[in-house]
Amino acid sequence: MGETTRRIAVLGAGLIGTYVGGRLAAGGADVVLIGRGRVLADLRTHGLHLTDLEGGDRRIAADRLNLAEDPAALGQADLILLCVKSPATEDAALQIAQFARPDAVVVSLQNGVSNADRLRAALPGRTVLAGMVPYNVAQPGPGHYHQGTSGVILIEDSPAIAPYVPLFAAAALAVGLRADMAAVLWGKLLINLNNAVNALAGVPLAAQIAQRNYRRSVALCQSEALSLLRRAGIKPAQFAAVPMWLLPHVFSLPDGLFRRVAARGGMPRIDRHARSSMAEDLASGRKTEVDYLNGELLVLAQRLGRRAPVNARVIELVRKAEAGAAPRSADALYAELKKARRG
Ligand SMILES: NC(=O)C1=CN([C@@H]2O[C@H](COP(=O)(O)OP(=O)(O)OC[C@H]3O[C@@H](n4cnc5c(N)ncnc54)[C@H](OP(=O)(O)O)[C@@H]3O)[C@@H](O)[C@H]2O)C=CC1
Ligand SMILES: CC(C)(CO)C(=O)C(=O)O
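Since the model is a prediction, treat every value here as computed from it, not as a measurement. (Residues numbered from 1 in each chain as written. Chains lettered and ligands numbered in written order. Predicted model: local features only at pLDDT ≥ 70, side-chain atom pairs only at ≥ 80, totals over all residues.)

(A) Up close: the packing of helix α8 (residues 212-232) against helix α13 (residues 309-322). In contact at an axis separation of 8 Å, α8 and α13 are set at 130 degrees when each is read in the N-to-C sense. On the basis of their axis angle, the class for α8 and α13 is oblique. Residues Leu220, Cys221 and Glu224 of α8 form the contact with α13, whose participating residues are Val310, Asn311 and Val314. Taken together, the residues that form the contact of α8 with α13 break down as four nonpolar, one polar and one charged. (Axes fitted to C-alpha atoms, helices over the stretch in contact; angles between N-to-C directions. Helix = DSSP H or I, 4+ residues; strand = E, 2+ residues; numbered from the N terminus. Parallel < 35°, antiparallel > 145°, perpendicular 65-115°, else oblique. Contact = placed C-beta atoms within 7 Å. Nonpolar A, V, L, I, M, F, W, Y, C, P; charged D, E, K, R; others polar.)

Rendered as structure tokens:
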């Protein structure tokens, strides 16, 4: 089979799926975006516009997009990029089991440490690889998808993914192959502990991270997580410019010092409007992924016979926000999490 005949299906064309799939399509790959009505209707009306913080600007006209609502479109795929939110993984696996060819390779591009394992359990005998998207994607307008932070997509190293690497290269979509995906996913989860704080703050990432008590709230979550990871013998992969164990200390710095560390490359570049995917979920009235991010620490704590009171409190607050509670100020959130830590 020649490279140009390999078909990629994105299952779950939302922010990440449409951006990554769209970039691959703009680079010449054969991509079908499988998604839901509203997203596809916008793409049919406006076409796809892809921008990034480096100034990249690509467009695909509506009539050149391959869009499908019917999961039967999985049947033509050689590679499936799974981009649904974590609570939707099992349902997506059922669709893959029903419609995809047995030799199709499945790559999870989701946050959280358990999606690839849950897929493997639901899809015995199939090739499932873990993946990780480090950057934020936002939707500034209908059909417009914008990469708002920097980074390189990482995918589990396997001969099964090798034939697709040139398609990523042709799309100028940086991708790295890694043998240590468990460590990569735990490292990303440490960063994703900011998601809930950003969602509870109700402001864009840049504005939230600029406030020390929001950063200190994240630091409390990360300190608890790092101590559990140490006890479990899990070494998270390096993501930030500072060692991962230093993250809570950097996040706790006073504003001026923090700004200096960030300016020296201690933080990825963040667009003014970018919000965490959990903030997007809250804004759209969807159930969040908090159980698959902060919740993993409760699972780990239970396995170790320990507690994770700070992350448990964050989950309670996100539940309240899902039910309509108003955003929390930085001072109020930090005070609540400090209280939770004291027990
Ligand atoms: N957004 C971001 O910046 C980042 C997100 N991530 C991670 O990437 C993953 C995807 O996130 P994101 O793109 O933000 O999520 P979105 O909610 O934007 O996209 C998922 C889309 O998939 C649709 N969907 C769900 N199930 C199916 C299905 N079975 N068939 C077809 N479509 C389906 C959803 O529709 P509906 O809403 O109707 O269910 C939704 O439109 C998450 O794990 C997230 O944590 C990682 C890095 C950054
Ligand atoms: C990129 C990042 C860390 C923040 O947007 C993210 O993973 C998310 O929003 O889920």
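(B) Molecular detail of the sheet that holds strand β9 (residues 137-141). The four strands are arranged β4-β3-β10-β9 in an open sheet whose pairing can be described as mixed. Strands with a single pairing partner mark the edges of an open sheet, and in this sheet they are β4 (57-60) and β9. Taken over all neighbouring pairs, the strand axes of this sheet differ in orientation by 25 degrees on average, direction set aside. Pairing analysis gives three bridges linking β9 to strand β10 (residues 144-147), with the strands arranged antiparallel. For Ala138, the partnering residue across the bridge sits in β10 and is His146. (Pairing = 2+ DSSP bridges.)

(C) Region of interest: the domain arrangement of the protein chain. The assigned domain composition of the protein chain is domain 1 (3-179) and domain 2 (190-342). Centre-to-centre separation of domain 1 and domain 2, based on C-alpha positions: 26 Å. Grouping the constituent residues of the side of domain 1 that touches domain 2 by class yields six nonpolar, nine polar and one charged. (Domains from an automatic or database assignment.)

(D) Structural context of the site of ligand 1. With respect to spatial proximity, 29 residues lie near ligand 1, and among them Gly12, Gly14, Ile16, Gln110 and Asn111 are the closest. Residue assignment for the shell around ligand 1 shows that the elements contributing at least two residues are α1 (15-26), α3 (89-99) and α11 (277-283). Its residues placed into classes, the shell around ligand 1 shows 13 nonpolar, 10 polar and six charged. (Near = placed C-beta within 6 Å.)

(E) Summary view of the UniProt feature "domain: Ketopantoate reductase C-terminal" (unreviewed entry) in the protein chain. Taken from the UniProt record, the annotation "domain: Ketopantoate reductase C-terminal" (unreviewed entry) applies to residues 181-321. Secondary structure across residues 181-321 divides into 68% helix and 0% strand, with the first and last C-alpha atoms of the span separated by 32 Å. (UniProt positions renumbered as here; feature names shortened; annotations may be inferred.)

(F) Region of interest: the site of ligand 2. In the vicinity of ligand 2, the contacting residues are Asn111, Tyr135, Asn136, Thr149, Ile191, Asn192, Asn195, Ser276 and Ser277. Among the elements that line the shell around ligand 2, the one with the most residues is helix α6 (residues 181-201), at three residues. Its residues assigned to classes, the shell around ligand 2 comprises two nonpolar, seven polar and no charged.

(G) Just the pairing of strand β3 (residues 48-52), in detail. Going residue by residue along β3, you find Leu48, Leu50 and Asp52 tucked away on one face and His49 and Thr51 left uncovered on the opposite face. Sheet topology places β3 next to β4; four bridges connect them, and they run antiparallel. Directly across from His49, in β4, lies its bridge partner Arg59. Connecting β3 to the antiparallel partner β4 that follows it, the hairpin turn spans four residues, and Gly55 within it adopts a positive phi of roughly 95 degrees. (Buried ≥ 20, exposed ≤ 12 C-beta atoms within 10 Å, placed from the backbone.)

(H) Highlighting the environment of Asp117. Structurally, Asp117 can be placed in helix α4 (residues 115-122). With 14 C-beta atoms counted inside 10 Å, the residue Asp117 sits in the partly exposed group. Each C-alpha atom, one on Asp117 and one on Leu129, is 9.0 Å from the other, the two residues being 12 residues apart in sequence.

(I) Up close: the UniProt feature "domain: Ketopantoate reductase N-terminal" (unreviewed entry) in the protein chain. In the numbering used here, UniProt assigns the feature "domain: Ketopantoate reductase N-terminal" (unreviewed entry) to residues 8-157. Annotated as 27% helix and 31% strand, the span residues 8-157 places its first and last C-alpha atoms 18 Å apart.

(J) Fine view of the environment of Gly233. With respect to the secondary-structure elements, Gly233 resides in the loop between α8 and α9 (247-252). Separated by 17 residues in sequence, Gly233 and Arg216 place their C-alpha atoms 25 Å apart.

(K) A look at α8. Over its 21 residues, α8 runs 30 Å from end to end, which matches the ideal 30 Å to within 8%, given 1.5 Å per residue. Phi turns positive one or two residues past the end of α8, at Gly233, with a value near 75 degrees. (Expected span 1.5 Å × (residues − 1).)

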